Amino acid sequence: MKRWSIAFICLLAVALLTACAGTTQPGNGLLEFPKTSWEMTPEEVMVAYGVSKDTVTVNDSAEQPAFSIENLACFGQTASNVIFSFQKDDAGVLRLANVLLLYPDEADMGQVKSKLTDDYGSSIPQFTNLRTAPGGTGYEEETLEETEHFAFWHSITPVSQYLNTEQLATFSKAAEKKDNEMQAGGVWKAYAQQMPLVTLTWENNARLPGATSAPVDYPKNRVEFNASILHYLPQLMQGA
């Protein structure tokens, strides 16, 4: 997902004070953000949080439409900004795809992590990611470990179990095509079928383990819900 810079965030002028109540992970296991579902449109999310276009900061980017709520009390602390980003599904309807919470430097991120654990279960101590292979050709798997500054959750249902038999066959064909385009040697196809549909990350004065660089304005206290793969799946399969 495209990152938002501190420079942009500092320009946000709305000063709302609302709250999001944590809930247990719903039965679909898709790590849905409180009061929302991944099928919601921008208007539905605004209704859920009692806001409107007149009371939030809106970004009408064609690439990633979004809106931001300031000073939202969530997971035991007040986030300075919560950015709801959307992407089009296969019918061209904007659906919630990403929620990024930015907390101030003084926030108690330990309390935030504890609340996330209460709501979504224990974090995952070790997980597999893809990275560019040495030489810049293709991709390879890497194993990342949880640290005191970084924690990771993912949805309980991978792509291979989310799709029916016919859809999975189409997805596999599309994944193989993309694998060849990326010169990944089958790694991307194998990973794609087992990758989680939704990820959740918690960062406390840190960045993703294994990262060698980060933007100067990278916020040190963040929580991010990412469901972009949910809405990307149909588009990927159309290219099979």
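Residues numbered from 1 in each chain as written. Predicted model: local features only at pLDDT ≥ 70, side-chain atom pairs only at ≥ 80, totals over all residues. Heavy atoms only, no water.

Trainee: Break down the overall build of the protein chain for me, with residues and values.
Mentor: When helices and strands are counted, the protein chain shows 7 helices and 10 strands. Put simply, the protein chain has 240 residues, and 48% of those count as buried. Residue pairs in contact within the protein chain that sit at least 24 positions apart in sequence constitute 65% of those at least 6 positions apart. Entry remark: accessible area of the protein chain is about 11600 Å², with carbon and sulfur atoms responsible for 49%. (Helix = DSSP H or I, 4+ residues; strand = E, 2+ residues; numbered from the N terminus. Buried < 20%, exposed > 50% of the residue type's maximum accessible area, 1.4 Å probe, protein only. Contact = heavy atoms within 4.5 Å. Areas by Shrake-Rupley, 256 points an atom, 1.4 Å probe, with all protein chains shown as cover.)

Trainee: Could you give an account of the nonpolar core, with specific residues and numbers?
Mentor: Side chains of a nonpolar character, in soluble globular proteins, are inclined to be buried together. Phe84, Leu101 and Phe225 are the most contacted members of the largest nonpolar core, which totals 51 residues. Dropping the residues within four chain positions of it, Phe84 is found in contact with Phe33, Val45, Tyr49, Pro65, Ala66, Phe67, Ile69, Leu96, Asn98 and Val99. With 5 residues, the next largest nonpolar core counts Ile124, Leu144, Phe150 and Phe152 among its residues. (Core = buried A, V, L, I, M, F, W, Y, C linked by side-chain atoms within 4.5 Å.)

Trainee: Any details on the packing of aromatic side chains? Residues and values, ideally.
Mentor: In the structure shown here, the tally under the stated rule is 10 aromatic pairs. Taken together, a centroid distance of 5.6 Å and an interplanar angle of 70° make the contact between Tyr120 and Phe225 edge-to-face. In this pair, Tyr120 is assigned in helix α3 (residues 109-120) and Phe225 in strand β10 (residues 221-226), connecting sequence segments 105 residues apart. An aromatic cluster is defined as three or more aromatic residues linked by ring pairs; in this entry it consists of Phe33, Tyr49, Phe67, Phe75, Phe84, Phe86, Tyr120 and Phe225. (Phe/Tyr/Trp six-rings, centres within 6.5 Å; stacked < 30°, edge-to-face > 60°.)

Trainee: Describe the environment of Phe171, and please don't skip the residues or the numbers.
Mentor: With respect to the element layout, Phe171 can be found in helix α5 (residues 165-181). By relative accessible area, which is 0% here, Phe171 ends up buried. With 18 residues separating them along the chain, Phe171 and Lys189 place their C-alpha atoms 9.3 Å apart.

Worth remembering: the numbers are spatial, not functional.
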